[in-house]
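Observations on the model geometry
Single-letter residue listing:
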Amino acid sequence: GAVVSQHPSWVICKSGTSVKIECRSLDFQATTMFWYRQFPKQSLMLMATSNEGSKATYEQGVEKDKFLINHASLTLSTLTVTSAHPEDSSFYICSAISRDPYEQYFGPGTRLTVT
Amino acid sequence: KQEVTQIPAALSVPEGENLVLNCSFTDSAIYNLQWFRQDPGKGLTSLLLIQSSQREQTSGRLNASLDKSSGRSTLYIAASQPGDSATYLCAGGLFGNEKLTFGTGTRLTIIP
């Protein structure tokens with residue numbers, strides 16, 4: 001099946017710094033990718049829709065200036081957590097839409113810890 | 001707005017038993033319903049995808065059904081094994097919208 005990768009798989013950063021997470025579709029092109037956040041023992045919550053060549057669409061309550069999304073190519077979307085705080089510590093998962101056949105593939109996730 | 005619920009939140013069964021996990025959704029205009037498993041600290045593994053025109057999908061010991069009229073999907077696991085222990089998530093997408101709404105998950109433990 002199609003593969004979606006994320007880098008890094010885990011990252012620790014200090015409060016106030018920024019961290020970038022990459023999401024790549026390895027064997028298909030994805031005009032649409034999604035970014036989710038998952039807190040411990042909770043389900044996935046959609047943060048934003050990443051559209052290649054246009055601005056991301058954010059879900060209600062998600063700060064677009066804090067979570068910067070750039071979908072620069074058909075195989076890469078990046079999520080930058082700016083001025084990170086301990087409450088941003090979470091598991092971030094991306095997914096990518098394959099059009100033919102249609103299916104949504106998920107990355108392995110990135111665990112972010114802000115100290 | 002689609003809401004997806006999974007009950008129970010946790011389930012323990014002895015090895016070898018058959019079991020059913022439940023998923024309920026509020027909007028019957030569902031485009032597809034997908035079942036995933038998630039191991040602790042890991043990402044999602046897609047198990048089965050059911051399109052709105054389908055009633056069920058099967059893969060090995062797994063069978064998933066979709067009943068749009070009642071707003072329910074079930075995941076049937078036959079002859080459970082300790083390796084089946086994981087959290088199982090269902091997620092639904094609506095027509096014209098590729099976003100998936102995830103359920104709350106069922107944490108399954110198979111007792112050897």
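Residues numbered from 1 in each chain as written. Chains lettered and ligands numbered in written order. Predicted model: local features only at pLDDT ≥ 70, side-chain atom pairs only at ≥ 80, totals over all residues. Heavy atoms only, no water.

**Some words on the overall build of chain B**
What counts here: The numbering of helices and of strands both runs from the N terminus, where a helix is a DSSP run of H or I of at least 4 residues and a strand a run of E of at least 2. Buried residues are those whose accessible area, probed at 1.4 Å on protein chains only, stays under 20% of the maximum for their type, while exposed residues exceed 50% and partly exposed ones sit between those limits. Contact definition: two residues touch when any of their heavy atoms are within 4.5 Å. Computed with a 1.4 Å probe, the accessible areas rest on the Shrake-Rupley method; for each residue, only the protein chains presented here act as cover. The positive count covers Lys and Arg only, the negative count covers Asp and Glu only, and His and the chain ends enter neither. Charge positions are represented by NZ for Lys, CZ for Arg, CG for Asp and CD for Glu.
When helices and strands are counted, chain B shows zero helices and eleven strands. The linear arrangement of helices and strands in chain B, starting from the amino end, is β-β-β-β-β-β-β-β-β-β-β. Projected onto its principal axes, the C-alpha coordinates of chain B cover approximately 45 × 25 × 20 Å. Looking at chain B residue by residue over its 112 residues, the buried ones come to 45%. Considering only residue pairs separated by 6 or more positions, chain B has 55% of its internal contacts joining residues 24 or more positions apart. With an accessible surface of roughly 5,300 Å², chain B has 49% of that area assigned to carbon and sulfur atoms. Taken as two groups, the 9 positive and 9 negative side-chain charges of chain B have centres that lie 4 Å from each other.

**Considerations on the sheet that holds strand β1 (residues 4–7) of chain A**
Residues and elements named next belong to chain A. Quick note on the threshold: Two strands pair if DSSP finds at least two bridges between them. A fitted line through C-alpha atoms serves as each axis, taken over the contacting stretch for helices, and the angle formed by two N-to-C directions is quoted from 0 to 180°.
Taken in spatial order, the four strands line up as β1-β3-β8-β7 in an open sheet, and their pairing is antiparallel. What marks the edges here is a single partner per strand, and that holds for β1 and β7 (67–73). Going from strand to strand, the sheet's axes swing by 15 degrees on average, the running direction of each strand aside. With five bridges joining them, β7 and strand β8 (residues 76–81) adopt antiparallel strand pairing. The residue of β8 that forms the bridge with Asn70 is Thr78.

**Some points on the sheet that holds strand β3 (residues 19–25) of chain B**
Residues and elements named next belong to chain B. One open sheet holds the five strands; their spatial order is β1-β3-β8-β7-β6, and the pairing between them is antiparallel. Across the chains shown, the open sheet's two edge strands, defined by having one partner strand only, are β1 (4–7) and β6 (56–59). Pairs of neighbouring strands in the sheet enclose a mean axial angle of 15 degrees, with direction left out of account.

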